[in-house]
Amino acid sequence: MLTAVTGSTGTIGGRVARTLAAQGVSLRLVGRDPSRFPDLPGAEAGSPAEYADAEAMNAALHGCDTLFLVSGRESRNRVAEHLTAVDAAVRGGVQRIVYLSFLGAAPDCTFTFGRDHWHTEQHIIGTGVRHTFLRDSLYADFMLPMVGADDAIRGPAADGRVSVVAQDDVADVAVAVLSDESAAHDGVAYAVTGPQALTLTEVAATVSEVTGRDVRFENETVEQAYASRAHYGAPQFEVDGWVTSYLAIATGEIGAVSDDVERLTGHPARSLEDVLHAQVGR
């Protein structure tokens, strides 16, 4: 059995690839630049391919049995790129797709990028291949970088809660699913979350405790959120994604807490405090 892993140069895909290789799983690494792939025992490099290139993806995935599909970089055409990659995988003979999705994915969810994940999921279902969706929450690893130079986290999240999850836990769940060739995970959408749902005020307090900084959360109106991000010069779709991620916290759409991490991996989900201690080395 040959497993294709995308995103092996990134945090989650890289950890998944390294762990599977250490377990002796036969891998093919797939991505735009094979020269950046990690050198892993038992892993082969696929030919260069990006999601939007159907023929290149088909060639890179030909002969693979399982595909771990890490969602592509944010773009205006991300859904079309995902669908192209999925169709190329099916034509290449892939029989199972494990897709890294997002918590609360729905056609009308508040977080605009979450809608991309829902459309991708629906397309995968429509192909008829075996599939599993890993719907992760916002990453706990991103909470510290969200703190501004003035020690403030700002966004229109109000008192909503988010079940932030460690990227390492997401990777561990993916490994657990990919390592099991049985039908136990077929057709399942797992909620991959941290152990508790926190307000951003609580996030700020935890960051303060671990780092020794005096971090605070300042709630913004939607108008203030767009204005405070205008200086980045980012395209509208990207700014919409940034702002609506906070609004999704406010609505409670990404506050669900699941025990799927512990059930699938055998270890408790890491807390935000755990992640922060690892990040700052304290």
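That block above? That's the structure.
What you see is a predicted model, and the numbers here were worked out from it, not measured in a lab.

Reading the values: rules and limits
Residues numbered from 1 in each chain as written. Predicted model: local features only at pLDDT ≥ 70, side-chain atom pairs only at ≥ 80, totals over all residues. Heavy atoms only, no water. Phe/Tyr/Trp six-rings, centres within 6.5 Å; stacked < 30°, edge-to-face > 60°. Helix = DSSP H or I, 4+ residues; strand = E, 2+ residues; numbered from the N terminus. Buried < 20%, exposed > 50% of the residue type's maximum accessible area, 1.4 Å probe, protein only. Contact = heavy atoms within 4.5 Å. Core = buried A, V, L, I, M, F, W, Y, C linked by side-chain atoms within 4.5 Å. Salt bridge = Lys/Arg side-chain N within 4 Å of Asp/Glu carboxyl O.

**Q** Honestly, the packing of aromatic side chains in this entry has me stumped. Any pointers?
**A** Two measures describe an aromatic ring pair: the distance that separates the ring centres and the angle between the ring planes. One pass over the structure, following the stated rule, counts six aromatic pairs. With a centroid separation of 6.4 Å and 90° between ring planes, the pair formed by Tyr 99 and Phe 133 is classed as edge-to-face. Remark: Phe 133 occurs in strand E6 (residues 130-136) and Tyr 99 occurs in strand E5 (residues 96-102); sequence separation between them is 34 residues. In this structure an aromatic cluster arises from ring pairing among Phe 102, Phe 111, Phe 113 and Phe 237.

**Q** What's the story with unusual backbone geometry in this structure? I'm lost.
**A** Trans peptide bonds make up the majority, and among non-glycine residues the majority have a negative phi. For Asp 151, which is not glycine, the phi dihedral falls at a positive 65°. For Ala 158, which is not a glycine, the phi torsion comes out positive at approximately 50°. For Ala 158, the position within the fold is in the loop between strand E7 (152-155) and helix H5 (167-178). On the basis of relative accessible area, Ala 158 is assigned to the partly exposed category, the value being 34%.

**Q** How do you make sense of the side chain of His 117 when you look at a structure like this?
**A** With respect to the helices and strands, His 117 occurs in helix H4 (residues 112-127). Under the relative-accessibility criterion, His 117 is labelled buried at 5%. In contact with His 117, other than residues within four places in its own chain, are Ser 71, Arg 78, Tyr 99, Leu 100, Ser 101, Phe 102 and Ala 105.

**Q** How should the environment of Pro 34 be read in this particular structure?
**A** Mapped onto the fold, Pro 34 is located in the loop between strand E2 (26-30) and strand E3 (43-45). C-alpha of Pro 34 to C-alpha of Ala 17: the two residues are 17 residues apart in sequence and 14 Å apart in space. In contact with Pro 34, other than residues within four places in its own chain, are Ala 45, Gly 46, Ser 47 and Pro 48.

**Q** In this structure, what is going on with the nonpolar core? I would like to understand it.
**A** Within soluble globular proteins, side chains that are nonpolar tend to cluster in buried spots. Membership of the largest hydrophobic core comes to 51 residues, with the highest contact counts inside it found for Val 16, Phe 68, Ile 97 and Leu 134. Core analysis: the next-biggest nonpolar cluster, separate from the first, contains 30 residues, Phe 113, Val 164, Val 215 and Leu 276 among them.

**Q** What should I look at first to understand the pattern of salt bridges in this one?
**A** Between side chains of opposite charge, a pair can form when the charged atoms approach closely. Tallied over the full model, the rule gives 19 salt bridges. Arg 216 serves as the salt-bridge partner of Asp 150, at 3.7 Å between the closest nitrogen and oxygen. Placement of the pair is Asp 150 in the loop between E6 and E7 and Arg 216 in strand E9 (residues 216-219), with a sequence separation of 66 residues. We classify Asp 150 as partly exposed; its relative accessible area is 36%. On the accessibility criterion, Arg 216 (33% relative accessible area) is partly exposed. We note a salt bridge from Arg 213 to Asp 151, for which the minimum N-O separation is 2.6 Å. With Arg 213 in the loop between helix H6 (200-211) and E9 and Asp 151 in the loop between E6 and E7, this residue pair connects regions lying 62 residues apart in the sequence. The partly exposed category is assigned to Arg 213, whose relative accessible area is 32%. One continuous salt-bridge network, built from bridges that share partners, spans Arg 15, Asp 168, Asp 169, Asp 172 and Arg 270.

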